[in-house]
Structures are given as C-alpha cells and as structure tokens.
Amino acid sequence: MSRVIPCVLMRAGTSRGPFFLRDWLPADDTARDEALIGAIGASDLLQVDGVGGGSTLTSKVAIVSKSAQPGCDVDYLFAQVGVGQKSVDTRPNCGNMLSGVGPFAIEQGLVPAADGETTVRVYNVNTRSRIDVTVQTPGRHVAYEGTTGIDGVAGTAAPIRLNFLDAWGSVTGSLFPTGRRIDMIDGVEVTCIDAAMPLVMVRAADLGLSGREAPADLDADRALLARLEALRRAAGEAMGLGDVSTSVVPKPVVVSPGDDADSVTSRYFTPRRCHASHAVTGAIGVATAHALPGTVASGRASGAGARRIAVLHPQGRIEIDVLLDGHGDELRIQRAALVRTARKILQGDLHIPDYVFSKPLSGDKPMKPVQALLAAAALATAATGQAQTTYPAKTITIVVPTAAGGGNDAMARTIAQKLGPLLGQTIIIDNRAGANGSIASEYVARATPDGYTLMLGYIATHAMNPALQKLRYDPVTDFEPIGLVGSSPTLMVAHAGTPIKDVKDLVAQLKAKPDRYTYASAGDGTAPHYAAELFKLNAGVVMLGVPYKGSAPAISDTIGGQTQVMFPSLFSAMPHVKAGKLKALAVAGPKRSALLPAVPTLKEAGVEGVEVQQWYGLFAPAKTPKAVVEKLNKALNQVLADKEIEKRIEDHGADVETSTPEQLGALVKSELAKWKAVVAKAKLTAD
C-alpha cells in the first residue's frame, strides 16, 4: 500500500528535491516529516526507495504556502532530510532550493505572473527573513530555458535573481553574535557571523592549508575535520546557539585570498563534509564577511555603494552583488543579491510507502491526495482519543520561544535530558524565536492536542506580551497548563567595561545626559523590556531601548558593548557574571540572591517599584486529553525532584518550583491581570 500526493521535482541552483504545497502534505508535523522521509527514501544511504540521490544536496525539500506575513507572497519552509537515517531538520535554510520557490509558486497559482518578469516576495520560515525572487515570465508563463549558466550545473537556463532583504542576524539576532568580529578559539582566530546562515570562518593558512584543496582531500583529512568540529562546537556556544553537537549550524568555512581584490576563496562544510560547490546562504555570509572590515575574510576597504564580490568554490564561482551603507567600522550590508537557475524535472503523483508512517492506514488501494489528507486527519483524531492508553508512542517536541543558548533554552534542555528517559521516548527541542515569543506560542496553540507538541512558556509569552498587545493566541484558552518548572529574579547588569559604578551612579549619569546609555531587551513585552521601562519610570531617567529576538542575542550585544545595560533573568545572566563578562548592578526583586549576596536590590539602591520575578512552565495545546496532561505533570514533577536537575537549575540562578496543572493555570490568570495593570500605569506600548 502507498499514499499518493502531488509533487514537483525540481533542480534548484546546485540542489535537487521535491517541492510541495503545504496542503498536499499531512497537517500533523510528525506525519508530514514521515511523508518527507518516505518521499526522499531517507531510510538507506542510496535512497533507492525514494527520489533522493544519496547525497545531502539531493535530499532537500521545499514546502510552499500562501503567506500570512504582511507584504509577503508565499512562505517557504526548507527541510533537510537524512541520508541513511530517518530525520528531518527544519533548522537550516537552503538558498539553492529557494531559487525554485518563485517558479513553483507562480505555476501553482499562488502568485499571478506578470508579462516579462515576476517578482515573488518569499518569507523564509526557517530564518524569518524576506527574499525577493525574480523569475522570467514572458507571456505570463514561467520560462526555464535561457542562456545563463552557473558553476556546478551542466547547460544553461533562464536567470532567477535572489535579493536577500534582511538575512543579517536572522537566526541569532545579531550579525556578529559574539559581539566581536574576530574571536580566539583554541588558539585560532575565527569570525562568527550570522548572515543568511550562521557560520564560523577560519583562515586556511591558520590550519596549514592553501585553501584551494579539493573537497575529497579535505574530507580525507580526519584530523582537520575533527579540529573544525571542535571549533564549530565552541563557536556555537559563543554565538548563543548552545550545544550544537546534534545541529548542522553553525557551518564551518575555510577562507583564503581570491584571484583579485573583489573575490574570496571558500571551502564550505555541511558541516562534517566539504561541499562539492557552495551553498547560496553560505556564499551570502562569506561575501558579507569579505565586504566588512575586521573579519578573518575581510578584503579591500570600501565605502558605501554597490559592489560585486565573487566567492570562489571547488566548481567555480558565485557572484554576489552587495549594497553597502555607512563607512569605516560602521559599514553595513543593506542588501545582497545573486543569480541562480532552476529547472522543472517532472510533475505528477508521488507514491509514498506505508512503512515510513508510525500510524499505517488500512486498505490496499492507493489513495488520492484529498483522501490521504482526510485519512491523516482521522489518524490524528484517533491518536488523540487513544492517548490515555498509548501515550507516549513517539518523539515529543518541546518548543522554546527564544533563540538557542538563552536561559529558556538551557532550562528546556536540562529538563528534556531526564524527562525523555522517564517517559521512554526521545524529546527534541525546537527553538522558534521571533515576535517576542508569539511565533512559538501560535504554533503550539494550533498544534494537534495529543501531547507530542509542548511548550516551555514563561512570564513573557503567557502574561507580559499578551498584556501589552493583542495577539493571535490567548494564553488562557489556547493552552492546557502542565506544571511550573521554576522561577528566577531579574538582574540588572551592565557591560563590564562601561564606566558605571553602581545604580546611583547610573541614575546620576542618565540625569546629567539623557540617553547616554542604551538598554537591550529580549523584545517588546518581555521581562527585560518591562523591567527596564519600570526602572526608567521610577528612577526618572531616559534610556533608549534596543529590542532583540530573544535574551541570547541581547546578552551577547551587551557583553560586546553595543548596548550597555540589560535586565535579564538571573538564570540567563549568571554564567556571564561569573565569567566577568557582565557587571551585576542590582536585583530587580524583593530580596537579594544567595548566589550574589553582595548585590543589592533596586529598592536598596534607591529605586523602588521594580520587582520582576520571571517564571517558567510547561504547556500543551488546549483540549489535550486530561490523562496525558496528568501523566506529563507527574513526570515533570518527578524530574524536578531529581537533586542533579535541581542543582543544575539553581546553579544558574533559578529556583525549582512545581505545581499542579490547576495551580499553573491560576498563576497565568493572576499574572495576566497584574501586568495589564502595569501596562496601563506605565503607559507602555509595543513600539
């Protein structure tokens, strides 16, 4: 038996893979991923039972849908499917597959074609960034034939222009996530950069290489690969991505001089093998590092204006047109564009074998697309109804509403390490940062209520942000509370090198010169935002705020000095305070912390009315069966009673707290009312 769904197989850039409309695939994410595994044939290295080609370059999938994002035409979700393993990873992005999204969207009727050429504004779901894809459409039809050639692809085709509008810092929230353009890791200078794709770049000469080696030679050098992996893991921690041992980002890149002042040679790793040519997103990052001063890949000095940079790779070159603004150290990239090509290989019905699905359908006849979707929905309903007796029967996902490397992420991973074995299933962490937690909250609120998609919610997602602005989810009615995890006081910190002696000195400096310092927040409606605004209100000072996509990039820029003050949770800040990277000024809470007994409260320092206690809890979508919620609550409380877990959480500056589902629900309601009153009193807005 097989399931039959529509499919368009395309060569896009130097990659190849199936393209799907989101509606063609099962609505449930688990069933969707199983369908992708079956489509590619990921179960074996040769992928003989699917359309994959036995390589990561031909094990890629593009999922396209009409966009709900303002000003965007379509959403594009990229998925990297395993080779010889049943895995689907939606954390990275692929610029090559992106080149096929425009033609596919036009031919599927998502975007009307203009006569001549058509520009499709694409919202990349993986990196939450926008790209304009311009396609040749003479006579209002997509043209694939043309005279444009790209290195790594035989023949020529019609040009497709990709214009990246806001790819800088899209994953970590900062172009240079460590706060520096060069870091020293294991005695080697590296540049950690987030431009379309998080990268860690190292000079070839510093590794004893010329930089022109063939990929096969680099792959055969086991010592080199081990060293690159060690650098990559250390860089991942420094970039706020946490433990990246099981992640494909950041990608390692070995750079060396190009053929002239406007080119740079690159060997791009994926991350444990050298790419046969080069990833488009990686080329954007390499070109960005080459154009800006102070990196390991920096080229000739240049000023504002347009510039073309060639990234030289094993099969040729990728030319990137960058638009620069500013001058000197303030030079920045406004846009980056390049040309790719794509070709539709075939279109029709894709038969997916039933053995890849965890819930096989009955019957022996292939189903049409609509039947398959209805059956998938029926399976999801059946799974919910049977949850009391079978839960958990598959992998559980805990969605974290902040970037990897922050306090929420660390707490979720700490819990998952014990909760998974206790429940007898794998638990994966899915970081969905953005919109101050709204992206993750909406995603979980709309997920199938079967206990397999959970969320580590916290004071911002379930009280502060909903109190500040109208959102597309309700923190009370759209979730089933499972249980409290812990709480942490808010700490007022400053950049270690900033000339601020204490809170009294800071207030005096700001009154003498308003806006002398800037504060970083994890985004509007988050605890660092509320605490900073309450501090300004009660201290009678003016200080400009800079919102970030989560606490990790905000802390990173405060460490780097781009911002000078922040109000993170003690849980997030404690490791950096211990390392001397941040200066603790005060506790924004009712009492001092036992971990920092010499640090006063803000009230003791002369500023009253700033008490922000952050709390964290586990939530499921509304209507999750009561038996599942109770089982999860019991297991969660058992994990939190583990002395090792308790110590790990407390060492970071948080107190473990447990509760019943009802107690967590009551807390959400009371906190929501409290912060609505604060918003009204302080006249806060989501600007």
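Criteria and cut-off values
- Residues numbered from 1 in each chain as written.
- Predicted model: local features only at pLDDT ≥ 70, side-chain atom pairs only at ≥ 80, totals over all residues.
- Heavy atoms only, no water.
- Helix = DSSP H or I, 4+ residues; strand = E, 2+ residues; numbered from the N terminus.
- Contact = heavy atoms within 4.5 Å.
- Core = buried A, V, L, I, M, F, W, Y, C linked by side-chain atoms within 4.5 Å.
- Buried < 20%, exposed > 50% of the residue type's maximum accessible area, 1.4 Å probe, protein only.
- 1 Å grid on protein atoms, 1.4 Å probe; cavity = no way out; pocket = protein on both sides within 12 Å on 5 of 7 lines; lining within 4 Å.
- Points joined across faces, edges and corners; volume = space filled by probe spheres on them.
- Nonpolar A, V, L, I, M, F, W, Y, C, P; charged D, E, K, R; others polar.
- Expected span 1.5 Å × (residues − 1).
- Bend = angle between axes of the 7 residues up to and from the residue.
- Lys, Arg positive; Asp, Glu negative; His and termini not counted.
- Salt bridge = Lys/Arg side-chain N within 4 Å of Asp/Glu carboxyl O.
- Axes fitted to C-alpha atoms, helices over the stretch in contact; angles between N-to-C directions.
- Parallel < 35°, antiparallel > 145°, perpendicular 65-115°, else oblique.
- Left-handed = near helix turned anticlockwise from the far one by under 90°.
- pLDDT = per-residue confidence, 0-100.
- Pairing = 2+ DSSP bridges.
- Right-handed = clockwise from strand over helix to strand, strands pointing away.
- Disulfide = S-S within 2.5 Å.
- Phe/Tyr/Trp six-rings, centres within 6.5 Å; stacked < 30°, edge-to-face > 60°.
- Lys NZ or Arg CZ within 6 Å of the ring centre and 35° of its normal.
- Polar contact = N/O pair within 3.5 Å; in protein donor to acceptor, adjacent residues only side chain to side chain.

Let us look at the environment of valine 171. Tracing the sequence through the fold places valine 171 in the loop between strand E8 (160-164) and strand E9 (183-185). Along the backbone, valine 171 and glutamine 562 are 391 residues apart, and their C-alpha atoms lie at a distance of 18 Å. When residues no more than four places from it in sequence are discounted, the contact partners of valine 171 are Thr127, Arg128, Asp194, Pro198, Leu241 and Ala403.

One finds Phe20, Met201 and Ile320 to be the most contacted residues of the largest nonpolar core, which totals 87 residues. Per-element tally for this core: the top contributor is helix H6 (residues 280-291), with seven residues. Discounting residues that sit within four places of it in the chain, isoleucine 320 has contacts with Ala283, Ile284, Ala287, Arg307, Arg308, Ile309, Val311, Ala336, Ala337 and Leu338. Ranked by size, the runner-up nonpolar core spans 84 residues in total, among them Ile396, Ala532, Val541 and Ala586.

Right, let's talk about the layout of surface pockets for a bit. Counted as a void, the second largest pocket has a volume near 710 Å³. The wall of the second largest pocket is formed by 24 residues, among which Ser174, Leu175, Phe176, Arg332 and Asp557 lie closest to the centre. Only strand E16 (332-340) and strand E23 (544-547) provide two or more residues apiece to the lining of the second largest pocket. Among the elements that take part in the lining of the second largest pocket, E16 stands out by supplying three residues, more than any other. Looking at the lining of the second largest pocket residue by residue, the class counts come to nine nonpolar, seven polar and eight charged.

Residue pairs spaced three or four apart in an α-helix point in one direction, given the helix's 3.6 residues per turn. Spanning 17 residues, helix H9 (residues 407-423) covers 24 Å between terminal C-alpha atoms, matching the ideal 24 Å at 1.5 Å per step. Along H9, the sharpest kink reaches roughly 30°, centred on alanine 416. If you check which residues of H9 are buried, you get Gly407, Asn408, Asp409, Met411, Ala412, Thr414, Ile415, Ala416, Leu419, Gly420 and Leu423. Glycine 424 lies just past H9 and shows a positive phi near 80°.

This part covers the side chain of aspartate 75. Looking at the secondary structure, you find aspartate 75 in strand E4 (residues 74-81). Among buried charged residues, aspartate 75 stands out as having no salt bridge; its nearest opposite-charge side chain is arginine 472, 8.4 Å away. Apart from residues no more than four positions distant in its own chain, aspartate 75 is found in contact with Ile63, Val64, Ser65, Lys66, Ser67, Ala68, Gln69, Tyr123 and Val125.

Charged atoms that come close allow side chains of opposite charge to pair. Under the criterion given, the structure shown has 34 salt bridges. Close ionic contact of glutamate 630 with lysine 626 constitutes a salt bridge, the shortest N to O distance being 3.9 Å. Of this pair, glutamate 630 and lysine 626 are both found in helix H16 (residues 626-640), four residues apart, which corresponds to roughly one turn of the helix. We classify glutamate 630 as partly exposed; its relative accessible area is 44%. Overall, the relative accessible area of 59% leaves lysine 626 in the exposed class. Between glutamate 644 and arginine 648 there is a salt bridge; the shortest N-O distance is 3.9 Å. With glutamate 644 and arginine 648 both in helix H17 (residues 643-651), this residue pair falls four residues apart, about one helical turn. On the accessibility criterion, arginine 648 (29% relative accessible area) is partly exposed. Several salt bridges converge on common partners, so that one network encompasses Arg161, Arg308, Arg317, Glu319 and Asp321.

What follows deals with the packing of H9 against H16. Helix-helix packing: each pair is described by the crossing angle between the helix axes and the interaxial distance. Interaxial distance between H9 and H16 falls to 9 Å at its minimum, and their mutual angle equals 125°. Between H9 and H16, the crossing angle belongs to the class labelled oblique. For the crossing formed where H9 meets H16, the hand is right-handed. Contacts from Ile415, Lys418, Leu419, Leu422 and Leu423 of H9 reach H16 at Leu632, Ala635, Leu636, Gln638 and Val639.

Of all residues in the protein chain, 95% attain a pLDDT of 70 or more, and the chain-wide mean is 89. Counted against residues more than four places away or in other chains, residues 361-388, with its pLDDT under 50, gives 39 contacts.

What follows covers the pairing of strand E3 (residues 60-66). Counting buried residues along E3, five of its seven residues qualify, which places the element largely inside the surrounding structure. With three bridges joining them, strand E2 (residues 15-21) and E3 adopt parallel strand pairing. Bridge assignment links phenylalanine 19 to a residue of E3, and that residue is alanine 62. As for the winding sense of the linkage, the β-α-β connection from E2 through helix H1 (residues 29-40) to E3 is right-handed. Relative to E4, E3 runs antiparallel, the two being bridged by seven bridges. Residue pairing across strands places alanine 62 opposite phenylalanine 78, the latter belonging to E4.

What follows is about the state of the cysteines. Taken as a whole and judged by the stated rule, the model has zero disulfides. Cysteine 72 takes part in no disulfide bond, and the closest cysteine sulfur to it belongs to cysteine 94, at a distance of 19 Å. On the basis of relative accessible area, cysteine 72 is assigned to the buried category, the value being 9%.

When we look at burial in helix H15 (residues 570-578), the residues that qualify are Leu570, Phe571, Ser572, Ala573, Met574 and Val577. Where H15 is buried, its residues meet H9, strand E21 (479-495), helix H14 (551-560), strand E25 (582-588), strand E26 (613-621) and H17. Phi turns positive one or two residues past the end of H15, at glycine 580, with a value near 80°.

Under the definition given, this model contains five cavities of 30 Å³ or more. Looking at the largest cavity, its volume works out to about 80 Å³. In terms of lining residues, the largest cavity is bounded by Thr402, Asn408, Tyr458, Ala522, Pro528, Gly550, Ser551, Pro568, Ser569, Ser572 and Gln614. For the lining of the largest cavity, the class distribution of residues is four nonpolar, seven polar and no charged.

Take unusual backbone geometry next. With omega at 0°, the peptide bond leading from valine 249 into proline 250 counts as cis. Position of proline 250 among the secondary structure elements: in the loop between helix H5 (222-238) and strand E12 (251-257). The step from tyrosine 391 to proline 392 runs through a cis peptide bond, and the omega angle for that step is -10°.

Our focus in this paragraph is the packing of aromatic side chains. In the structure shown here, the tally under the stated rule is nine aromatic pairs. Look at tyrosine 458 and tyrosine 616: their rings are 6.3 Å apart centre to centre, the planes differ by 10°, and that puts the pair in the stacked class. With tyrosine 458 in strand E20 (residues 453-458) and tyrosine 616 in strand E26, this pair connects stretches of sequence that are 158 residues apart. Residue classification places tyrosine 616 among the buried positions, given a relative accessible area of 0%. An aromatic cluster of three or more residues is present, and its members are Phe19, Trp24 and Phe104. Above the ring of phenylalanine 357, the side-chain terminus of arginine 3 is found at 3.4 Å from the ring centroid.

Another point: the environment of arginine 472. Mapped onto the elements of the fold, arginine 472 is located in the loop between helix H11 (459-468) and E21. Sequence separation of arginine 472 and threonine 156 is 316 residues, and the distance between their C-alpha atoms is 46 Å. In contact with arginine 472, other than residues within four places in its own chain, are Ala68, Glu442 and Arg446. Separated by 3.3 Å, the side chains of arginine 472 and glutamate 442 make a polar contact.

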